[in-house]
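Descriptive structure summary
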Amino acid sequence: MESRKLAALLSSVISQLLLLLLLLFPSSTPLSLSSNSNSNSNSNAKIFPLLHHFLSSQGIAASLSLLSISRKRKRTHLPDSGPTHDDEDPQLGRRLGLTRIPDSFKNCFRMTSSTFEWLSGLLEPLLECRDPAGSPLNLSAERRLGIGLFRLATGADYPKISKQLGVSESVAKFCTKQLCRVLCTDFRFWVTFPTPNELESVSTAFQSLTGLPNCCGVLDCARFKIVAKNHMSKLPNDVVQEDGVAAQIVADSTSKILSIVVGFRGNKGDYKVLKSSTLYKDIEEERLLNSLPVNVNGVALNQYVVGHGEYPLLPWLMVPFVDAVPGSCEEYFNRAHSLMRFPALRTIASLKSWGVLSRPIEEEFKIAVAYIGACSMLHNALLMREDYTALSDELGDCDQSTHYDGGDGGLEEILVESKSYVIRSALATRAKEFRD
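Values in this document were obtained by computation on a predicted structure and should not be read as measured data. (Residues numbered from 1 in each chain as written. Predicted model: local features only at pLDDT ≥ 70, side-chain atom pairs only at ≥ 80, totals over all residues. Heavy atoms only, no water.)

**A closer look at the packing of helix α9 (residues 196-210) against helix α12 (residues 329-352)**
Geometrically, a packed helix pair is captured by the angle between its two axes and the distance between the axes. Stated precisely, the cut-off is as follows: Axis definition: a line fit to C-alpha positions, over the contact stretch in the case of helices; interaxial angles, taken between N-to-C directions, run 0 to 180 degrees. A run of H or I in DSSP counts as a helix once it spans at least four residues, and a run of E counts as a strand once it spans at least two, with each numbered from the N terminus. Angular relationships are summarised with four words: roughly parallel below 35 degrees, roughly antiparallel beyond 145, roughly perpendicular across 65 to 115, and oblique for the angles in between. We call a crossing left-handed when the near helix sits turned anticlockwise from the far one by less than a right angle, and right-handed when that turn is clockwise. By the convention used here, residues are in contact when the closest approach between their heavy atoms is within 4.5 Å. The classification used treats Ala, Val, Leu, Ile, Met, Phe, Trp, Tyr, Cys and Pro as nonpolar, Asp, Glu, Lys and Arg as charged, and all other residues, Gly among them, as polar.
Here α9 crosses α12 at 135 degrees, and the two axes come no closer than 10 Å. Classed by the angle they form, the pair α9 and α12 counts as oblique. The two elements α9 and α12 cross, and the hand of that crossing is right-handed. Across the interface between the two elements, F206, L209 and T210 from α9 touch A336, L339 and M340 from α12. Of the residues assigned to the contact of α9 with α12, the class counts are five nonpolar, one polar and no charged.

Here it is as structure tokens:
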């Protein structure tokens, strides 16, 4: 059997099996792009071997695909143009219609040429296996990927893509949607909440940064604008609705996305988004962050995440002190808290620097959700490749948090807050000890 056909067959079987697992272990109504794989301790032993097997099979499919690509390229090798940098592959650039200029791949696709080729080989069986009904595209995986990535990376509209990449607007739109679908379904495991063993390395990295143990991530919420045009209006640019979509993110110290849930309306507050997510339910019901506590100054400290002041103080959610006195333990905690929050802010800034997300999205709501999901998958894939092309160094206006105004003050809430305050105070003492 030809390698490409075998790769497509393997990928198809794997996709169906992964879909079956997702049906057996459903997520929330908004699109949850994080696989909360440790949500049930009894199912871990069964699910993880299967997932590892599937991922290994994906690797086999990708390897076969890459072999096929390698053979084709050897047959179509063009004369050597001299030495190039990693992101200046003239052969690949010619096949995609790029000019040979410095940083061309970074500017057009937000990745190096070597990462582009790796991604093309990995996605080839899935990008080439389905065309519009009755209209075969006769486009290589490289061109399909290039078209979709160009839309995501630059935010160019379909007329510009059509003119610059030499395809019709309908083909440009199809390739973009196809890339988003493949990334958000077949490769959603690129955003996976860590297992208990993996969380140890996450918390160790935060502890080396601030001295605070058992932190398992940073919680934040990003918002992206959507602009819908009035198609019934005689004025082509008449805007009738400006909406938004919220994306809840948990990031580690390297800005890798550990969990993302997309699909909430943008006018929903951060805490309401959290309470509506499966992450909140899984933690509250001890399916996540359920490892044994560590002792900090005589206080049992369970695993936790940190968040900004709009969130409430919970035993598993540490927020900063309000009006901390200079030189106090509380101020030292707030400094450590800010350091831990930085990776999540950097993640949000990096997502918003993708061209299609850097401005109001002129698409329907579900397409905007797909764009955010696809860029999140690519964000983690690039970090996995140690390709930091799309990692932002500027935070911009990503930190828009306010202080939590409290709940109804019921007895249960008061008890939870009291327990949480004891935990946070112990961490504050540890933060000062670490700096001293």
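So, next bit.
**Regarding the packing of aromatic side chains**
Put simply, the test is: For Phe, Tyr and Trp, where Trp contributes only its six-membered ring, two rings pair if their centres lie within 6.5 Å, and the inter-plane angle classes them as stacked under 30 degrees, edge-to-face over 60, or tilted in between. Each residue is placed in one exposure class: buried if its accessible area under a 1.4 Å probe, protein chains only, is under 20% of its type's maximum, exposed if it is over 50%, and partly exposed if it falls in between. For a Lys NZ or an Arg CZ to count as sitting over a ring, it must be within 6 Å of the ring centre and within 35 degrees of the ring normal.
Scanning the entire structure with this criterion turns up ten aromatic pairs. Plain terms: the ring middles of F109 and F116 are 4.9 Å apart, the flat faces sit at 35 degrees to each other, and that makes the pair tilted. F116 carries the same exposure label as F109, and that label is buried. Where Y280 meets W316, the ring centres are 5.8 Å apart and the plane angle is 65 degrees; that geometry is what we call edge-to-face. Taken together, the residues Y280 in helix α11 (residues 278-284) and W316 in the loop between β7 (304-306) and β8 (317-318) connect sequence positions 36 residues apart. Residue classification places Y280 among the buried residues on the basis of a relative accessible area of 15%. Aromatic rings pair up to connect W118, F187, F189 and W190 into one cluster. Directly above the aromatic system of F365 lies the positively charged group of R265, at a separation of 3.9 Å from the ring centroid. Its guanidinium or amino end placed over the ring of Y332, R335 lies 5.2 Å from that ring's centre, counting from NZ or CZ.

**Concerning the state of the cysteines**
Going by this rule: To count as a disulfide, a pair of cysteine sulfur atoms needs to be within 2.5 Å.
The tally for this structure, following the rule as stated, stands at zero disulfides. The cysteine C215 is free of any disulfide, with C216 supplying the nearest cysteine sulfur at 6.6 Å.

**Digging into the pattern of salt bridges**
This is how the line gets drawn: When a carboxyl oxygen of Asp or Glu is within 4 Å of a side-chain nitrogen of Lys or Arg, the pair counts as a salt bridge.
By the definition in use, this model includes eight salt bridges. Between R341 and D220 there is a salt bridge, with its nearest N and O atoms 2.9 Å apart. Taken together, the residues R341 in helix α12 and D220 in strand β2 (residues 215-229) connect sequence positions 121 residues apart. The same class applies to R341 as to D220, namely buried. Between R430 and E433 there is a salt bridge, and its shortest N-O distance comes to 3.7 Å.

**So, the environment of Q303**
Our working rule: Whenever two N or O atoms come within 3.5 Å, that pair is a polar contact, provided that in protein one can donate a hydrogen and the other can accept it, and provided that, for residues adjacent in sequence, both atoms are side-chain atoms.
Tracing the chain through its elements places Q303 in the loop between β6 (299-301) and β7. Each C-alpha atom of the pair Q303 and L292 lies 8.1 Å from the other, and the pair is eleven residues apart in sequence. With residues near it in sequence (within four places) discarded, Q303 still touches L199, N214, C216, L289, N290, S291 and W316. A polar contact of 3.4 Å, which involves the side chain of Q303, links it to the backbone nitrogen of N290. Among the polar contacts made by the side chain of Q303, one reaches the main-chain amide nitrogen of S291 at a distance of 3.3 Å.

**Some words on the packing of helix α8 (residues 169-185) against helix α13 (residues 365-384)**
Orientation of α8 relative to α13, taken along the N-to-C sense of each, is 60 degrees, at an axis distance of 9 Å. With respect to α13, the element α8 is oriented oblique. By crossing handedness, the relation of α8 to α13 is classed as left-handed. In this structure, α8 contributes T176, K177, C180, L183 and C184 to the contact, and α13 contributes I367, A370, Y371, G373, A374, M377 and L378. The residue makeup of the contact of α8 with α13, split by class, is nine nonpolar, two polar and one charged.

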